[in-house]
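What follows is the residue order along each chain.
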Amino acid sequence: MLTVLNIEKNSSKNFMQKIKSLFRPYEISAAVKKQNKISVLYIKYRLNRGKINYKKIYDYAIGAPKTVLCSGELELENTPFRRFESIEYACVMMQNAVCDILKRADVSPDSLKIAYYDPMADHPLFAEKLSEFTSQLMVITNMPGFYEKESERFSDSIGVSLIVSDSPERLSDCDILISPERIETKLPLSEKTIVFTSARPSVSLKGTVLYEYFPEFPYKYQRLRPENIDGFYFLSALYTLCGVKELGKLIPSACCDGQILYTAERLVQRIRICSGGKAIGFSDKETIDEPVSM
């Protein structure tokens, strides 16, 4: 089961509403919806006056998870609840987006410089997948010994070796950088680098830094989709908390850097240009940016 907590504040009150709020400082309701073996508890709390009564909300959530889907602006410290946060699903969607875009770009493996940033060697399987798209995959890691052994294994199994280094300085001329985890260290990238990662970096980076992904929301879960909750956030909870692993097969049609939306088609064109290839109807002087409402 998932728990969705929606708190609304009644900020525009007329005289009668102010009188009413003296007797009813909040209004609360709860409902459960079920679909495809998934149950979702929706708790709606309308604050008319004073502070949020989390004890009363807890009474409505007895028997339900206390890890809740809610607005990122809601402060839950010192309450019985905590906000659901995870980049697990974003990491899966990032991998799907990267593989889809590189397959569609269909450029020579010798023409594209791809770097993989995995400081703690937590994601070696995706490094092996990336070896299909470049003959010079560079892995930057704090665990070079581990990846050197992986390089030997890759060489024996698929005939491709890795370039392994613990020096981020070697990223300066890469065309594409892929980081499964949030980037928390300043990296020496160029403006032309396309970065795919699973969360907004905590440091400023050069290049096009993509960390939001937009798969199509499956129709079979539309009935469960909460109001005022981001669709991707809800899919992430279904995947992570409810084990709906079929959602891991979705392929994003667009990626975002927090401000600009980049369709998969335009990223394919840009990668072809990075590799020295040609993309029909597109030049390196043409804009690839599409504004998006955030």
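Residues numbered from 1 in each chain as written. Predicted model: local features only at pLDDT ≥ 70, side-chain atom pairs only at ≥ 80, totals over all residues. Heavy atoms only, no water.

Novice: It is not clear to me how the pairing of strand 6 (residues 114-117) should be interpreted in this structure. Could you clarify?
Specialist: Walk down a regular strand and you will see the side chains alternate between the two sheet faces. Burial along strand 6 is two-sided: Ile114 and Tyr116 facing one way and Ala115 and Tyr117 facing the other are all buried. The sheet contact formed by strand 6 and strand 9 (residues 176-179) spans three bridges and is parallel. Bridging across to strand 9, Tyr116 finds its partner in Ile178. By the bridge criterion, three bridges tie strand 6 to strand 7 (residues 138-140) in an arrangement that is parallel. For Ala115, the partnering residue across the bridge sits in strand 7 and is Met138. Following the chain from strand 6 across helix 4 (residues 124-130) to the adjacent parallel strand 7, one finds a crossover that is right-handed. (Buried < 20%, exposed > 50% of the residue type's maximum accessible area, 1.4 Å probe, protein only. Helix = DSSP H or I, 4+ residues; strand = E, 2+ residues; numbered from the N terminus. Pairing = 2+ DSSP bridges. Right-handed = clockwise from strand over helix to strand, strands pointing away.)

Novice: What exactly am I supposed to notice about the nonpolar core here?
Specialist: Most often, soluble globular proteins keep nonpolar side chains buried together rather than apart. Counting 58 residues, the largest nonpolar core has Leu102, Tyr116, Ile178, Phe196, Phe234 and Leu238 as the members making the most contacts within it. Each residue touching Leu102, except ones within four places of it in the same chain, is listed here: Leu112, Ile114, Leu130, Phe133, Ile176 and Ile271. In this structure, Leu5, Ile28, Ile52 and Cys70 belong to the second largest nonpolar core, which totals 17 residues. (Core = buried A, V, L, I, M, F, W, Y, C linked by side-chain atoms within 4.5 Å. Contact = heavy atoms within 4.5 Å.)

Novice: Where do I start with the packing of aromatic side chains in this structure?
Specialist: The relative placement of two aromatic rings is captured by the distance of their centres and the angle of their planes. A complete count under the given rule lists nine aromatic pairs for this structure. Ring geometry for Tyr89 against Tyr239: centres 5.0 Å apart, planes inclined by 40 degrees, an arrangement best described as tilted. Linking Tyr89 in helix 3 (residues 88-105) with Tyr239 in helix 6 (residues 231-241), this pair joins segments that are 150 residues apart in sequence. Tyr239 gets classed as buried once you look at its relative accessible area, which sits at 10%. When the ring centre of Phe217 is taken as origin, the NZ or CZ atom of Arg225, which lies over that ring, is 4.6 Å away. Across the ring face of Tyr239, the terminal group of Lys245 is positioned such that the distance to the ring centre comes to 4.0 Å. (Phe/Tyr/Trp six-rings, centres within 6.5 Å; stacked < 30°, edge-to-face > 60°. Lys NZ or Arg CZ within 6 Å of the ring centre and 35° of its normal.)

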